[in-house]
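# An overview of the molecular structure
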Amino acid sequence: MDSTALFFMLLDDKIEFDIAIVNYHKRAQSNKEIEYAKHLAKKYNKKIYIKDCYLDNSNFEAKARECRYRFFDKLSQNGYNNLYLAHQLNDRFEWFLMQFSKGAGLKELLGMQKIEKRENYTIHRPLLDTPREEILRYLDKNGIKYFIDASNYDTKYKRNYFRKEFSNNFIKQFSKGVKRSFEYLQEDKELLFSKDWTKEKKLYTIIKTNPKIDIKKVDIVLKELHYILSKAQRDEIIKQNFSIIIGGKIAIDSNQNKIFIAPYISTKMDKKFKEKMRIAKIPPKVRGYIYEYIYNSH
């Protein structure tokens with residue numbers, strides 16, 4: 001169902017692609033799905049690559065994943081740089097619950113990412129924020145034929161147990177909140193695991209990513225400088241493009257690639273120093289601190 005929707009959404013967006021499909025031969029219906037995929041390939045002039053994986057039932061999900069990714073890795077040698085997968089919000093939430101039930105950290109809880117770099121190609125999951133019900137509405141509204149995988153209801157697979165008992169009904173009621181929570185957790189993950197700020201005395205340098213992430217980094221730095229930002233101040237910092245004096249005490253300024261934070265110092269600076277700062281692309285508001293506490297101390 002999800003992959004069928006993704007197929008037609010990529011067509012709608014005029015994205016060039018071909019088809020890769022795996023048959024595990026666990027269901028009689030899977031042969032009909034292969035035939036439908038061949039029909040779509042012929043109708044829309046797409047190449048189709050089919051992989052047969054014959055696996056026993058022990059640790060099936062892990063073995064199935066290994067089989068299909070070997071297949072994808074091999075296909076990447078044919079000149080494909082991107083792999084589009086149809087994982088959606090319900091899938092992501094199921095994974096979250098499975099990891100949560102075992103005990104897991106932030107990286108493991110979040111699991112799959114919208115964009116994931118691999119050695120030979122990039123994985124894209126454009127439906128990761130889209131609930132299953134919305135995908136069904138898209139298919140039904142457009143009169144698109146699709147299959148429901150009967151094995152999704154077999155609770156001997158742990159993922160299906162979580163799907164049936166917890167995730168589907170929860171997503172139906174709270175999809176917007178779940179989506180927002182994943183967005184916040186993703187931002188926190190990027191912040192937590194980033195190594196992109198440095199410190200010299202009380203001068204902090206942050207590598208820019210995007211404003212929503214950068215303001216969280218600024219917030220943490222200012223706490224180190226014993227200053228707690230209000231929401232209004234955070235909003236104003238973003239509005240001023242990270243160039244502002246906070247409370248007359250903290251200088252925040254930025255260039256194209258970096259954000260600088262330091263105690264605000266108003267002082268007279270010589271021309272030689274100003275020229276050095278201009279060449280180094282150090283913005284004006286933090287220069288007073290650098291002049292008094294770094295430059296003159298060397």
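Residues numbered from 1 in each chain as written. Predicted model: local features only at pLDDT ≥ 70, side-chain atom pairs only at ≥ 80, totals over all residues. Heavy atoms only, no water.

### Some thoughts on the nonpolar core
The line we're drawing: Throughout, nonpolar core names a set of buried Ala, Val, Leu, Ile, Met, Phe, Trp, Tyr and Cys residues whose side chains join them through atoms within 4.5 Å. Per-residue accessibility, obtained with a 1.4 Å probe over protein chains only, is compared with the maximum for each type, and a residue is labelled buried under 20%, exposed over 50%, and partly exposed between these values. A helix here means a DSSP run of H or I that spans at least four residues, while a strand means a run of E at least two residues long, and both kinds are numbered starting from the N terminus. In what follows, residue pairs with any heavy atoms lying within 4.5 Å of each other are defined as contacts.
Counting residues in each nonpolar core, the largest one holds 19 residues, and the members touching the most others are Phe7, Phe8, Tyr36, Ile135, Tyr138, Leu139 and Ile144. For this core, the elements supplying multiple residues, two or more each, are helix H1 (2–12), helix H2 (29–43) and helix H6 (132–141). At five residues, the largest contribution of residues to this core is made by H1. Discounting residues that sit within four places of it in the chain, Phe8 has contacts with Tyr36, Leu40, Tyr44, Tyr138 and Ile144. Of all hydrophobic cores here, the second largest spans 17 residues; its members include Leu222, Phe242, Ile244 and Ile261.

### Observations concerning the packing of helix H10 (residues 271–279) against helix H11 (residues 287–295)
The criterion, for reference: Between N-to-C directions, angles cover 0 to 180 degrees, with each direction set by a line fitted to C-alpha atoms, over the stretch in contact for helices. Note on terminology: angles under 35 degrees are roughly parallel, angles over 145 are roughly antiparallel, angles of 65 to 115 are roughly perpendicular, and the others are oblique. If you view the pair so one helix is near and one far, a crossing is left-handed when the near helix is turned anticlockwise from the far one by less than a right angle, and right-handed when it is turned clockwise. Three residue categories are used. Nonpolar comprises Ala, Val, Leu, Ile, Met, Phe, Trp, Tyr, Cys and Pro, charged comprises Asp, Glu, Lys and Arg, and polar comprises the others, including Gly.
Direction vectors running N to C along H10 and H11 enclose 115°, while the axes themselves pass 11 Å from each other. Taken as axis vectors, H10 and H11 run roughly perpendicular relative to one another. For the pair H10 and H11, the sense of crossing is right-handed. Judged by residue contacts, Lys272, Phe273, Lys274, Lys276, Met277 and Arg278 of H10 engage Arg287, Ile290, Tyr291 and Tyr295 from H11. Split by residue class, the contact of H10 with H11 holds five nonpolar, no polar and five charged.

### Regarding the side chain of Asp2
Spelled out, the test is: Residues counted as positive are Lys and Arg, residues counted as negative are Asp and Glu, and His and the chain ends are not counted. What makes a salt bridge here is a side-chain nitrogen of Lys or Arg within 4 Å of a carboxyl oxygen of Asp or Glu, nothing more.
Its location among the elements puts Asp2 in helix H1. For Asp2, which is buried and forms no salt bridge, the nearest opposite charge comes from Arg132, at a distance of 5.6 Å. Among residues more than four places away in sequence, those in contact with Asp2 are Ala86, Gln88, Asp91, Leu127 and Ile135.

### A word on the environment of Ala86
Mapped onto the fold, Ala86 is located in the loop between strand S3 (82–84) and helix H4 (89–102). Along the primary structure Ala86 and Ile294 are separated by 208 residues, whereas in three dimensions their C-alpha atoms are 53 Å apart. Filtering out sequence-adjacent residues up to four positions away, Ala86 remains in contact with Asp2, Ser3, Leu6, Asp91 and Leu127.

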